[in-house]
Amino acid sequence: MTIEENTRFIKNKAQELGFMYCGISKADYLEDEAPHLAAYLKNGWHGKMQWMENHFDKRLDPRKLVSGAKSVISLLFNYYPEERQKDPEAPKLAKYAYGIDYHFVIKDKLKELFKAIQEEIGEVEGRVFTDSAPVLDKAWAKRSGLGWIGKNALLITPQKGSFHFIGELIIDLPLVYDGPIKDYCGTCTRCIDACPTGALTPYKIEAKKCISYLTIELKDQLLPSEFKGKMENWMFGCDICQDVCPWNKFATPHQESLLTPRPKILEFTKAEWKEITEDIYKEIFKDSAVKRAKYEGLKRNIDFLFDKDE
């Protein structure tokens, strides 16, 4: 098979597996991203996510993750839900956390794609990644033309917006490479204006001020008091900068059954979340991304929201 035929096979197979878009870029050093990442870490914008300081070189060069790497295949998977939580006063979950943990769903599909590549094309070495290794996934998706990184620091596609997971295959097979597209944020600042904690400046996010960081990544026993009254009722993650983005008017519901929310997630009232027990937590969030926060973390977040009600 030719390089063109191999590329076409991979993109067609990705679509068969349910991936929304597939783009390919040359496995090379991310020269433009290096100074930005260094400055981000030096300024301490990553908060207490010390793991971001590790493997600096690997984050910038996929050839240090996969020996002889030639191509980075970037894939987007839609997670935009058809339904929402019913009680408007209930504490909120980010939409990506409604169903089974995306790490399981996406990684299985990536492995299936990699297996198909090996069966169809032959001896190909590589690795699959989805938000679980030192890979700058948004940078690679941008480089492969899947979208642009917006003022909310998220990858935005002109066709479907930003409610998607990103995964990669880094392989030692040369392919036809795609090129980047232009930035379509224009003069819009809706995401920056809407962020209640001031975490956003154009194209940058100060993670330690982000509600997603505070409710998921920050493991302190108590949330910082400076954010009292600014959490906008989010108990796990936050979608504000996506919900206000004009490009997300093009988002359509996903078709993946594994991402379908458990009924209690949608139906629980404010009072029921407030009184959630560890047993109920384990039942609702079995195999869920919410388990990253653990029961104690989710309860801490809920209590922080409701303190003013006491």
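Look up a bit, the structure's there.
Each chain carries its own residue numbering, running from 1 in the written order of its sequence. At least 70 in pLDDT is required for a residue's local features to be given in this predicted model, at least 80 for side-chain atom pairs to be given and counted, and no such filter applies to totals for whole chains, interfaces and linings, which use all residues. For the side-chain quantities, the full set of heavy atoms in the structure was used; hydrogens and water were omitted.

### Observations concerning the sheet that holds strand E1 (residues 21–26)
Then, in step 1: Pairing is antiparallel in the open sheet, where four strands are placed in the order E1-E2-E7-E4. Each edge of the sheet is formed by a strand with only one pairing partner; in this case those strands are E1 and strand E4 (126–129). Between one strand axis and the next, the sheet turns through 15° on average, direction left out of account.
Then, in step 2: Two strands form a pair only when DSSP identifies at least two bridges running between them. Think of it this way: any DSSP run of H or I at least four residues long counts as a helix, any run of E at least two long counts as a strand, and we number them from the N terminus. Of the strand pairs in this sheet, E4 and strand E7 (residues 164–171) are connected by four bridges, and their pairing is antiparallel. Bridged to Gly 126 within E7 is Ile 171.
Then, in step 3: Sitting on the sheet, helix H1 (residues 3–16) touches E1 and strand E2 (71–78), and the angle it makes with E1 is about 145°.
Then, in step 4: Any pair of residues with heavy atoms lying within 4.5 Å of one another is described as a contacting pair. To define axes, lines are fitted to C-alpha atoms, for helices over the stretch in contact only, and angles between the resulting N-to-C directions are given on a 0 to 180 degree scale. Across the sheet, helix H4 (residues 102–121) touches E2, E4 and E7, and the angle it forms with E7 is around 35°.

### Observations concerning empty space enclosed by the protein
Then, in step 1: The pocket and cavity definitions rest on a 1 Å grid over protein atoms only: a 1.4 Å probe that fits but cannot leave marks a cavity, an open set with protein on both sides within 12 Å along at least five of seven lines marks a pocket, and residues lining either have an atom within 4 Å of a point. Grid points are joined across faces, edges and corners, and a volume is the space filled by probe spheres set on the points. The final tally for this structure, using the stated rule, is three cavities of 30 Å³ or more.
Then, in step 2: What the largest cavity holds in volume is close to 40 Å³.
Then, in step 3: Lining the largest cavity are Tyr 79, Pro 81, Lys 95, Tyr 96, Tyr 98, Gly 99, Phe 165, His 254 and Leu 259.

### Description of unusual backbone geometry
Then, in step 1: Residues other than glycine seldom take positive phi values, yet Tyr 203 does so here, at roughly 75°.
Then, in step 2: The phi dihedral of Asp 287 is positive, around 60°, even though this residue is not glycine.

### Regarding the state of the cysteines
Disulfide: a covalent bond formed between the sulfur atoms of two cysteine residues.
Then, in step 1: Disulfides are defined as cysteine sulfur pairs within 2.5 Å. Throughout the structure, instances matching the rule amount to zero disulfides.
Then, in step 2: Not engaged in a disulfide, the cysteine Cys 245 finds its nearest cysteine sulfur in Cys 185; these two sulfurs lie 6.5 Å apart.
Then, in step 3: In this structure Cys 245 comes out as buried when scored by relative accessible area, which is 11%. Buried means the residue's accessible area, taken with a 1.4 Å probe over protein chains only, is under 20% of the maximum for its type, while exposed means over 50%, and partly exposed covers the values in between.

### Re helix H2 (residues 33–42)
Then, in step 1: Here H2 has its buried residues at Glu 33, Ala 34, Leu 37, Tyr 40 and Leu 41. Along the axis of H2, the buried residues cluster in a sector spanning 130°; they form a single face. Of the residues in H2, the exposed ones pointing more than 90 degrees away from the buried face are His 36 and Lys 42.
Then, in step 2: Considering only its buried residues, H2 is in contact with helix H3 (56–60), helix H5 (137–143) and strand E9 (204–205).
Then, in step 3: In the segment just after H2, Gly 44 is the residue with positive phi, at about 75°. Note: the arc covers the axis-to-C-beta directions of the helix.

### With respect to the packing of aromatic side chains
Then, in step 1: Any pair of Phe, Tyr and Trp rings, taking the six-membered ring for Trp, is counted once the centres come within 6.5 Å. Such a pair is stacked with planes under 30 degrees apart, edge-to-face with planes over 60 apart, and tilted for the rest. This model, assessed by the stated rule, comprises 16 aromatic pairs.
Then, in step 2: With a centroid separation of 5.1 Å and an interplanar angle of 70°, the aromatic rings of Phe 268 and Trp 273 are classed as edge-to-face.
Then, in step 3: When the ring of Tyr 281 is compared with that of Tyr 295, the centres are 5.8 Å apart and the planes differ by 65°; the resulting orientation is edge-to-face. Here the residue Tyr 281 occupies a position in helix H11 (residues 278–284), and Tyr 295 occupies one in helix H12 (residues 294–306), the gap between them amounting to 14 residues.

### So, H4
Then, in step 1: An expected span of 1.5 Å times one less than the residue number is assigned to each helix. For H4, with 20 residues, the first-to-last C-alpha span of 28 Å sits near the 28 Å given by 1.5 Å per residue.
Then, in step 2: Listed as buried for H4 are Tyr 102, His 103, Val 105, Ile 106, Lys 109, Leu 110, Leu 113, Phe 114, Ala 116 and Ile 117.
Then, in step 3: Each element contacted by the buried residues of H4 is listed here: H1, E2, E4 and E7.
Then, in step 4: Residue Gly 122 follows H4 closely and has a positive phi angle near 125°.

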